[in-house]
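# Summary of the model geometry
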Amino acid sequence: MKLFGFWAAAVLCLFGARELNGILEINEEELFYTEANASYYNESKAVYGNDALLVGLTLIKSAAAKGAVCLDGTLPGYHWHRGYGSGANSWIIQLEGGGWCNTVRACVYRKNTRRGSSNYMEKLLPFTGILSNKPEENPDFFNWNRIKLRYCDGASFTGDSEHEAAQLQFRGQRIWSAAMEDLMVNGMRYANQALLSGCSAGGLASILHCDEFRDLFPKTTRVKCLSDAGLFLDVADVSGGRTLRNVYSGVVGLQIQSSLAPPSADPHGYWRSCTKDHSKCSASQLQVLQGFRNEMLNAIKGFSNSRQNGLFINSCFAHCQSERQDTWFADNSPVLGNKPIALAVGDWYFDRAGEKAIDCPYPCDNSCHNLVFR
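Quick summary incoming for the structure in this document. From a predicted model like this one, the values you see are computed outputs, not experimental measurements.

Counted residue by residue, helix H4 (residues 201-208) has seven buried out of eight residues, so it is predominantly covered. Along H4, the residues classified as buried are Ala201, Gly202, Gly203, Leu204, Ala205, Ser206 and Ile207.

What follows is the structure in structure tokens.
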């Protein structure tokens, strides 16, 4: 792969999951972005703030003729705030996350939500963090063309098949292609610099589509890819099983032919309190999490050896830190080496400095905004 990558990760992140009539559906972003379920320590601002820019949903009309549709057959869409000034020919594509569906039953459920149908998508989305239009909140990318591509295929923008009996369309690859074609027609072909970004399932998609994104532009265009919490390791969960391997096997088998302590691996609820609130983890549970951290650091050794790649790995119980204003760039944002995520990403993207920042093991980092479920 010609991957120009930057990984921003929270090393001790536990992904949410839920059981749907006995079917496991990994669905982390639904949980992480529902304020009724979660909050952050050390948080000085609301999730989006009172004056966040609201950007309308644009459906991709040309997608229908290409068969590029959501799980339920509706049109895909994106939110676009146009660039101006020095950023008029600069583009950032943010791929939305939101777990996966790995069985027909889970996908049938999903097609009646915003993760499977544009009928249920919010018509307006707040642009915060890496999508903010304010220089004091997003110093390097505030005046770029900033696009949030909605996620409605259930497989990280991959797959190209259907399930006729269940009336399911698995067209993630087509959605990706149709969205890129539409944006290229609408000016992205003139980009002198571009960044493909995404969080969680969207972060995985930014890795999978990085080469395709690079190939859209001439070699003179600066093109890089950012994966925020998009690295999902094939490691044993707390029961000794391989839940993520089974999830991905289902996704692949269904469409293409969180992860450490999911409910199926913890039937007696031993990990329930720990996964909701890190401060309630026992010493032995923290030891397991530290082992997961070490496995991740081993997995990225080859990636980190390249000078063009970057890393920002903090030891926080957090998720999608590039999308939240309080974790991306604020007065008390998480830092490594006194540098917040936003400045680390900017320095890496513009080659101002090499970025290979790896935090000390938990709980050493007092700058974390740790996620807690109520």
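Next comes the rest of the write-up.
On to the pattern of salt bridges, then. Under the counting rule described, the total for this entry stands at 18 salt bridges. Residue Arg150 is joined to Glu122 by a salt bridge in which the shortest nitrogen-to-oxygen separation is 2.6 Å. Of the two residues, Arg150 sits in the loop between strand E9 (145-149) and strand E10 (161-163) while Glu122 sits in the loop between helix H2 (104-110) and strand E8 (124-127), which places them 28 residues apart along the sequence. Under the relative-accessibility criterion, Glu122 is labelled partly exposed at 28%. With a closest N to O distance of 3.2 Å, Lys148 and Glu323 form a salt bridge. There is no split in this pair, since Lys148 and Glu323 are both buried. Residues joined by salt bridges that share partners form a network here, namely Glu96, Arg114, Arg115, Glu122 and Arg150.

Let's shift gears to the nonpolar core. Ranked by size, the top nonpolar core spans 42 residues in total, and within it Ile93, Met180, Leu183, Met188 and Phe213 carry the most contacts. Ranked by residue count, the leading element in this core is helix H3 (residues 172-185), at seven residues. Excluding residues that lie within four positions of it along the chain, Phe213 makes contacts with Ile93, Trp176, Met180, Met188, Ala194, Leu195, Leu196 and Val223. Counting residues in each nonpolar core, the second largest holds 21 residues, with Val55, Ile130, Phe312 and Tyr349 among its members.

Analysis parameters
- Residues numbered from 1 in each chain as written.
- Predicted model: local features only at pLDDT ≥ 70, side-chain atom pairs only at ≥ 80, totals over all residues.
- Heavy atoms only, no water.
- Buried < 20%, exposed > 50% of the residue type's maximum accessible area, 1.4 Å probe, protein only.
- Helix = DSSP H or I, 4+ residues; strand = E, 2+ residues; numbered from the N terminus.
- Salt bridge = Lys/Arg side-chain N within 4 Å of Asp/Glu carboxyl O.
- Core = buried A, V, L, I, M, F, W, Y, C linked by side-chain atoms within 4.5 Å.
- Contact = heavy atoms within 4.5 Å.

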